[in-house]
Amino acid sequence: MEIKDELLDELIKGYQKPEDLIGENGLLKQLTKRLVERALRGELTHHLGYERNEDAAAKGSNRRNGSSRKTLKGDFGDLEISVPRDREGTFEPMMVAKNQTRWTGFDDKILSMYARGMSTREIQGHLQEIYKVEVSPALISQVTEEVMEEVKAWQSRPLDPLYPIVYLDALYVKMRHEGRVENRAVHVAIGVSMEGRKEVLGLWTNANEGAKFWLSVLTELRGRGVKDILIACVDGLKGFPQAIESVFPQAQVQLCIVHLVRASLNYVNWKDRKQAAADLKPIYRAAAAEQARKELDLFVEKWGKKYPAIGRLWNEQWERVIPFFAFTPEIRKVIYTTNAIESLHMSLRKVIKNRGSFPNEDSALKLLYLALRNASAKWQTVQGWREALNQFEILHGDRLRKALATAA
């Protein structure tokens, strides 16, 4: 719609300062009020089928029946408007729906602040300071509580039949459970789709991280449509690989090298740590598994007497360490670490760090869901994915084609 300059000149006649336009009683607020009220009157005219000054007798029994006052909360602060009514009560306005007390988009502002870790009190103060709107804690809780229906739908949505890569890890969050505050594990699964897009598959809470609970998570993923996983990237949790393979027998479990290195260095005293870390690099940076085996033997030869536990740790996990050597160096760094999920954990921790604890599990899941929704919106296709998919086709072509056929 074109707005003529003559109209604008008339509107801003007498303008002297910004407050005349955008202040609490400025032109924009007054204009919004008038336009909304005019639009509502137009909607009622369309509903009744005759203009205000026409003879209503020939048009039906319904009539105009005055108006009611309504206050809307939004960017202009509190805005009181007049909403027309009809005698039969059948008028359903679209511009401002019945029982609507906030402008469309205002709830999104509340959710955006909540998703960034702001408390109810902070959101209340911010809305008062910026928009001159008084919002009760109950209203904020109501808006955020409505997210739980979205969380439940998201948590139970159908998933793809195959994810070439899935990262599995947990972070700990303080929440009240059965009357006391405790650290509870929030289990997170990130899948990389056939298109190379990362996707959070779900969030699950439990008292702690354990292979038994991960088994229930994996069973749920299968129930939601996941038929196969090519590579599962995990930390060194005992029994984890067996839990994965019991649900997805063909999955290749790849131990996170970063976790393994950290676990190794826990045995090393401070003065030796830098050199030991440097001597571990040739193992996981080797060109092939055979070379990596030789480098591990050299490491054990040098450090085995002083730190025998490191050699035992790598040898026990060796079959879970070497799968990534089947890929080119560019692809290895995508699959030999759970960095993708740890990066998400870092984003989530930034959001929850100002919270002492959550009053319940739903409250924690609600915030974590909103936070990861913000974080995942910035995710891009995994770098080098086209090359990775070609290698997956060579190694697991039959499984890829089976998954595509299932999806079709």
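Everything numeric here is computed off the predicted structure, so don't read it as measured data.

**Comments concerning the overall build of the chain**
Turning to step 1, where the next piece is worked out: Of the regular secondary structure elements, the chain holds 17 helices and seven strands.
Turning to step 2, where the next piece is worked out: Rg of the C-alpha trace for the chain: 30 Å, well past the compact-globule value of 22 Å for 408 residues, more than 25% over.
Turning to step 3, where the next piece is worked out: Once the C-alpha set of the chain is aligned to its principal axes, its extents read approximately 100 × 50 × 50 Å.
Turning to step 4, where the next piece is worked out: Burial status across the chain gives 47% buried among its 408 residues.
Turning to step 5, where the next piece is worked out: For the chain, contacts bridging at least 24 residues in sequence account for 64% of all contacts bridging at least 6.

**Focus on the packing of aromatic side chains**
Turning to step 1, where the next piece is worked out: Per the stated rule, a full pass over the model turns up seven aromatic pairs.
Turning to step 2, where the next piece is worked out: Both rings, one in W385 and one in F392, keep their centres 5.9 Å apart while their planes meet at 55°; by these two values the pair is tilted.
Turning to step 3, where the next piece is worked out: For W385, a relative accessible area of 6% translates into the label buried.
Turning to step 4, where the next piece is worked out: Members of the aromatic cluster, connected to one another through ring pairs, are F299, W303 and Y307.

**With respect to the packing of helix α4 (residues 106–115) against helix α6 (residues 137–145)**
Turning to step 1, where the next piece is worked out: Close contact between α4 and α6 brings their axes to 10 Å; oriented N to C, the two are set at 85°. Taken together, α4 and α6 sit at an angle that is classed as roughly perpendicular. For the pair formed by α4 and α6, the contact residues are D107, I110, L111 and Y114 on the first element and I140, V143 and T144 on the second.
Turning to step 2, where the next piece is worked out: Partitioned by chemical class, the residues of the contact of α4 with α6 number five nonpolar, one polar and one charged.

**What about the pattern of salt bridges?**
Turning to step 1, where the next piece is worked out: Following the criterion strictly, the structure yields 14 salt bridges and no others.
Turning to step 2, where the next piece is worked out: A salt bridge links D272 to K306; its shortest N-O distance comes to 2.6 Å. Of the two residues, D272 sits in helix α11 (residues 270–284) while K306 sits in the loop between α12 (289–303) and α13 (308–321), which places them 34 residues apart along the sequence.
Turning to step 3, where the next piece is worked out: Several salt bridges share partner residues, and in doing so they unite R180, E182 and R184 into one network.

**A short note on the confidence of the model for the chain**
Turning to step 1, where the next piece is worked out: Looking at the chain, the pLDDT average stands at 84 and 92% of residues meet or exceed 70.
Turning to step 2, where the next piece is worked out: No element of the chain has a lower mean pLDDT than helix α2 (residues 19–22), which averages 70, and none a higher one than α12, which averages 96.

**Remarks on the sheet that holds strand β4 (residues 180–192)**
Turning to step 1, where the next piece is worked out: Pairing is mixed in the open sheet, where five strands are placed in the order β5-β4-β3-β6-β7. Looking at which strands have only one partner, the edges of the open sheet turn out to be β5 (198–206) and β7 (252–255). Each strand of the sheet is rotated relative to its neighbour by a mean of 25°, with strand direction disregarded.
Turning to step 2, where the next piece is worked out: Strand direction decides the pairing type here: β4 and β5, joined by eight bridges, are antiparallel. Following the sheet pairing, V188 is matched in β5 by L203.
Turning to step 3, where the next piece is worked out: Helix-sheet contacts for helix α16 (residues 361–376) involve β3 (162–177), β4 and β5, and the interaxial angle to β5 is about 165°.

**Topic: helix α9 (residues 240–247)**
Turning to step 1, where the next piece is worked out: Those residues of α9 not exposed but buried are F240, P241, A243, I244 and V247. In a view along the axis of α9, the buried residues occupy a sector of 160°, so they form one face of it.
Turning to step 2, where the next piece is worked out: Those residues of α9 hidden inside the fold are in contact with β3, α8 (211–223), β6 (228–234), β7 and α13.

**A short note on the nonpolar core**
Turning to step 1, where the next piece is worked out: In terms of nonpolar packing, the biggest core is built from 84 residues, with I165, Y167, V188, W314, L344 and F392 touching the most fellow members.
Turning to step 2, where the next piece is worked out: It is α16 that contributes the most residues to this core, nine residues altogether.
Turning to step 3, where the next piece is worked out: For L344, the residues in contact, after removing those within four places along its chain, are V188, I190, V200, L372, A375 and W379.
Turning to step 4, where the next piece is worked out: Within the second largest apolar cluster, 22 residues are counted, among which are V166, W204, V226 and A251.

**A look at a positive patch on the surface**
Turning to step 1, where the next piece is worked out: On the surface, a cluster of positive charge is contributed by R34, R38, R41 and R52.
Turning to step 2, where the next piece is worked out: Structurally, R34 can be placed in helix α3 (residues 27–48).

**What to know about the packing of helix α7 (residues 147–155) against α16**
Helix-helix packing: each pair is described by the crossing angle between the helix axes and the interaxial distance.
Turning to step 1, where the next piece is worked out: At a minimum axis separation of 10 Å, α7 and α16 run at an interaxial angle of 75°. Taken together, the axis directions place α7 and α16 in an arrangement best described as roughly perpendicular. Residues V147, M148, E150, V151 and W154 of α7 touch α16, and the partners they reach there are D362, K366, Y369, L370, L372 and R373.
Turning to step 2, where the next piece is worked out: Along the lines of polarity and charge, the residues of the contact of α7 with α16 split into seven nonpolar, no polar and four charged.

**A short note on unusual backbone geometry**
Turning to step 1, where the next piece is worked out: Residues other than glycine seldom take positive phi values, yet E178 does so here, at roughly 50°.
Turning to step 2, where the next piece is worked out: By the secondary structure assignment, E178 is in the loop between β3 and β4.

What counts as what
- Residues numbered from 1 in each chain as written.
- Predicted model: local features only at pLDDT ≥ 70, side-chain atom pairs only at ≥ 80, totals over all residues.
- Heavy atoms only, no water.
- Helix = DSSP H or I, 4+ residues; strand = E, 2+ residues; numbered from the N terminus.
- Rg over C-alpha atoms; globule rule 2.2 N^0.38 Å.
- Buried < 20%, exposed > 50% of the residue type's maximum accessible area, 1.4 Å probe, protein only.
- Contact = heavy atoms within 4.5 Å.
- Phe/Tyr/Trp six-rings, centres within 6.5 Å; stacked < 30°, edge-to-face > 60°.
- Axes fitted to C-alpha atoms, helices over the stretch in contact; angles between N-to-C directions.
- Parallel < 35°, antiparallel > 145°, perpendicular 65-115°, else oblique.
- Nonpolar A, V, L, I, M, F, W, Y, C, P; charged D, E, K, R; others polar.
- Salt bridge = Lys/Arg side-chain N within 4 Å of Asp/Glu carboxyl O.
- pLDDT = per-residue confidence, 0-100.
- Pairing = 2+ DSSP bridges.
- Arc of directions from axis to C-beta.
- Core = buried A, V, L, I, M, F, W, Y, C linked by side-chain atoms within 4.5 Å.
- Patch = residues over 30% accessible without salt bridge, like charges linked within 9 Å, V, L, I, M, F, W, Y side chains within 5 Å.
- Areas by Shrake-Rupley, 256 points an atom, 1.4 Å probe, with all protein chains shown as cover.
- Lys, Arg positive; Asp, Glu negative; His and termini not counted.
- Charge placed at Lys NZ, Arg CZ, Asp CG, Glu CD.

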